[in-house]
Amino acid sequence: IAGITQAPTSQILAAGRRMTLRCTQDMRHNAMYWYRQDLGLGLRLIHYSNTAGTTGKGEVPDGYSVSRANTDDFPLTLASAVPSQTSVYFCASSEKGGRNIQYFGAGTRLSVL
Amino acid sequence: AQSVTQLDSQVPVFEEAPVELRCNYSSSVSVYLFWYVQYPNQGLQLLLKYLSGSTLVKGINGFEAEFNKSQTSFHLRKPSVHISDTAEYFCAVSDAGGSQGNLIFGKGTKLSVKP
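Residues numbered from 1 in each chain as written. Chains lettered and ligands numbered in written order. Predicted model: local features only at pLDDT ≥ 70, side-chain atom pairs only at ≥ 80, totals over all residues. Heavy atoms only, no water.

**Student:** What is the right way to read the interface of chain A and chain B from this model?
**Tutor:** One frequently used descriptor of interface size is the decrease in accessible area upon assembly of the parts. In this complex, chain A contributes 23 residues to the contact, which on the side of chain B involves 25 residues. Roughly 1,800 Å² is buried in total at the junction of chain A and chain B, and carbon and sulfur atoms are behind 52% of that figure. In this structure, the connection of chain A to chain B is made through zero salt bridges. The interface formed by chain A and chain B includes two residue pairs in polar contact (both at pLDDT 80 or more). Mapped onto the side of chain A that touches chain B, the elements with two or more residues apiece are β4 (31-38) and β5 (42-49) of chain A. Per-element accounting of the side of chain A that touches chain B gives the leading share, four residues, to β5 of chain A. (Contact = heavy atoms within 4.5 Å. Buried area = accessible area lost by both parts, 1.4 Å probe. Salt bridge = Lys/Arg side-chain N within 4 Å of Asp/Glu carboxyl O. Polar contact = N/O pair within 3.5 Å; in protein donor to acceptor, adjacent residues only side chain to side chain. Helix = DSSP H or I, 4+ residues; strand = E, 2+ residues; numbered from the N terminus.)

So this is what it looks like as structure tokens:
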């Protein structure tokens, strides 16, 4: 069972460029999430989706967009990257509802120069 | 809205010693509580969770945590740590009454186990 697959593993990106981080899950979970992890700040929620076709904003959504065309995929797009978006990005999925465990991918390390 | 405070950013400890990682939360509603562990260059994985019932919950790798509602705490403990427990530990909460599963994380505690 693969669980959550994120791609790429790492990326160096020039400021101003567009970038899409990919996330695919094979657990048929309803809910999916994108977090960014920064030193000393823990994980902060960027966007989430409770079910295919719906998305919502998290704590730090500015500069990011998501789509949820189907159950399995939840791509995160940076339309015009800025250096402050240098971070490690984690995708997660769970069954819908606060009592359920979130399963995390291995992360994408993004550097914006 | 909820918030989570992990009181120690780093905890160094010798192998086979006991350890406690502290977590306090703030919420106006009932919450579910979680501890996740992140090994170097990996994603997070669940250690344990409290949903309801017994306030002492046991997780993987010999860890346990106790929910204390009056002190709004959910401290993580292990009686004897191993080198392999070196990792970053995150406490998290979610809204027990909501339909969404959004987690609010603390800033993490780095546990360093020394031989």
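**Student:** How should I be thinking about the pattern of salt bridges in this particular structure?
**Tutor:** It is possible for side chains of opposite charge to pair when their charged atoms get near one another. Evaluated as defined, the whole model comprises eight salt bridges over all chains. The closest approach of N and O atoms between D38 of chain A and R36 of chain A, which form a salt bridge, is 2.8 Å. No difference in accessibility class separates D38 of chain A from R36 of chain A, as the two residues are buried. Note that D85 of chain B and K78 of chain B form a salt bridge whose closest N and O atoms lie 2.8 Å from each other. Per residue, the accessibility class of D85 of chain B equals that of K78 of chain B, and both read buried. Ionic contacts of the salt-bridge type, sharing partners, join the residues R36, D38 and R44 of chain A into one network. (Buried < 20%, exposed > 50% of the residue type's maximum accessible area, 1.4 Å probe, protein only.)

**Student:** Just to check I follow, could you spell out the packing of aromatic side chains for this structure?
**Tutor:** The description of two aromatic rings rests on the distance between their centres and on the angle between their planes. Under the counting rule described, the total for this entry stands at 12 aromatic pairs over all chains. On the numbers, 5.4 Å between centres and 85° between planes, the contact of Y35 of chain A with F105 of chain B is edge-to-face. One end of the pair, Y35 of chain A, is in strand β4; the other, F105 of chain B, is in strand β11 (residues 104-105), on a second chain. Judged by its relative accessible area of 0%, Y35 of chain A falls in the buried class. On the basis of relative accessibility, which here comes to 7%, the residue F105 of chain B falls in the buried class. Members of the aromatic cluster, connected to one another through ring pairs, are Y33, Y35 and F104 of chain A together with F34, Y36, F90 and F105 of chain B. (Phe/Tyr/Trp six-rings, centres within 6.5 Å; stacked < 30°, edge-to-face > 60°.)

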